[in-house]
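Examining the three-dimensional arrangement
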Amino acid sequence: MSETGGNVSVRMVRDDFADVPQHELPAGYRFRTYEAGDDRTWTDLHLAAEPYVDVTPDLFVREFGTDHAPLSDRMFFVETLEGEPAGSITAWWERDRHNPRERGRIHWVVVHPDHQRRGLAKPMMTHAMQRLAQSHPGAVLGTSTGRTWALKVYLDFGFHPDPDELASSPEVAAGWRGVQSRLNHPLLASHLR
């Protein structure tokens, strides 16, 4: 591993939904929810944009199961006004030993390379966080330290490194120090002291 931490899987948390940043989609884009057949749309978006995960045809089922009913309420797509898929984000949930209450989970955020750097990620986060706030006390997400610009968006939305993971894993701590050397983010600085 390099001095800057390499690409390390990390967990981020947000304890509540107070003061969630509000961003609107730019002109020419709209949101829609999951529809039958969008497992293929989701897979195609990730095949086009995912640099670290091996996206296979069964990944969608592994992540979301075969009961697609919750997806029509929790999986969002951004598309052009002509219907071209541009991105996806899911407002999912999880349970874990650290918090027995269900927490919301920002899950599988993707923007197609043809639509990156057009201001879609922050509106997608706003949209998903609004949905999570309806049902959950806080939120988590999993990502990796090689995703510098995604990490900046998550930090801007109040997500911070999971304190338990940060304290127990030297590899994770090194990864976050590498992120901080690139971003110099005030929220991250406060958690790395």
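Let us look at the structure shown here.

Rules and cut-offs
Residues numbered from 1 in each chain as written. Predicted model: local features only at pLDDT ≥ 70, side-chain atom pairs only at ≥ 80, totals over all residues. Heavy atoms only, no water. Helix = DSSP H or I, 4+ residues; strand = E, 2+ residues; numbered from the N terminus. Rg over C-alpha atoms; globule rule 2.2 N^0.38 Å. Buried < 20%, exposed > 50% of the residue type's maximum accessible area, 1.4 Å probe, protein only. Salt bridge = Lys/Arg side-chain N within 4 Å of Asp/Glu carboxyl O. Lys, Arg positive; Asp, Glu negative; His and termini not counted. Polar contact = N/O pair within 3.5 Å; in protein donor to acceptor, adjacent residues only side chain to side chain. Contact = heavy atoms within 4.5 Å. Phe/Tyr/Trp six-rings, centres within 6.5 Å; stacked < 30°, edge-to-face > 60°. Axes fitted to C-alpha atoms, helices over the stretch in contact; angles between N-to-C directions. Parallel < 35°, antiparallel > 145°, perpendicular 65-115°, else oblique. Left-handed = near helix turned anticlockwise from the far one by under 90°. Nonpolar A, V, L, I, M, F, W, Y, C, P; charged D, E, K, R; others polar. Expected span 1.5 Å × (residues − 1).

Our next topic: the overall build of the chain. Looking only at helices and strands, the chain features eight helices and seven strands. Computed over the C-alpha atoms, the radius of gyration of the chain is 16 Å, within 12% of the 16 Å expected from 2.2 N^0.38 for a compact globule of 193 residues. Here the C-alpha coordinates of the chain stretch approximately 45 × 35 × 35 Å along the principal axes. Burial statistics for the chain: of 193 residues in total, 48% are counted as buried.

All right, on to the pattern of salt bridges then. If you walk through the whole model with that rule in mind, you get 15 salt bridges. One salt-bridge network, in which partners are shared between bridges, spans Arg-11, Glu-94, Arg-103, Arg-105 and Asp-162.

Moving on, we get to the side chain of Arg-74. Residue position: Arg-74 is located in helix α3 (residues 71-74). Among buried charged residues, Arg-74 stands out as having no salt bridge; its nearest opposite-charge side chain is Asp-73, 4.3 Å away. For Arg-74, the side chain forms a polar contact with the main-chain oxygen of Ala-91, separated by 2.7 Å. Look past the residues within four positions of Arg-74 in its chain and what remains in contact with it is Ile-89, Thr-90, Ala-91, Trp-92, Trp-93, Arg-131, Leu-132, Ser-135 and His-136.

Moving on: the packing of aromatic side chains. Using the criterion set out here, one finds seven aromatic pairs in the structure. Judged by centre distance (5.1 Å) and plane angle (45°), the rings of Phe-60 and Phe-64 are tilted. Taken together, the positions of Phe-60 and Phe-64, both in helix α2 (residues 59-64) and four residues apart, correspond to about one turn of that helix. Residue Phe-64 is classed as buried on the basis of its relative accessible area, which comes to 5%. When the centroid spacing of 4.3 Å and the interplanar angle of 25° are considered together, the rings of Trp-92 and Trp-93 count as stacked.

For Asp-19, which is not a glycine, the phi torsion comes out positive at approximately 55°. In this fold, Asp-19 is placed in the loop between β1 (9-14) and β2 (29-33). Located in the positive-phi region is Trp-108, a residue other than glycine, with phi close to 55°. For Trp-108, the position within the fold is in strand β5 (residues 99-111). Taking relative accessible area as the criterion, Trp-108 reaches 16% and is therefore assigned buried.

Here the focus is the packing of helix α4 (residues 121-133) against helix α5 (residues 148-156). It is the contact of α4 with α5, at a shortest axis distance of 10 Å, that shows an interaxial angle of 45°. As the angle between them shows, α4 and α5 are arranged oblique. Taken as a pair, α4 and α5 cross one another with a handedness that is right-handed. Touching Ala-121, Lys-122 and Met-125 of α4 are Val-153, Tyr-154 and Asp-156, all from α5. Class assignment of the residues belonging to the contact of α4 with α5 gives a composition of four nonpolar, no polar and two charged.

Attention now moves to the environment of Met-124. Examined against the element boundaries, Met-124 turns out to sit in helix α4. Separated by 93 residues in sequence, Met-124 and Phe-31 have C-alpha atoms that sit 8.5 Å apart. Setting aside chain neighbours within four positions, we find Met-124 in contact with Phe-31, Val-78, Gly-87, Ser-88, Ile-89, Val-109, Val-110 and Val-111.

Here α4 spans 18 Å end to end across 13 residues, near enough to the 18 Å set by a 1.5 Å rise per residue. If you check which residues of α4 are buried, you get Pro-123, Met-124, Met-125, Thr-126, Ala-128, Met-129, Arg-131 and Leu-132.

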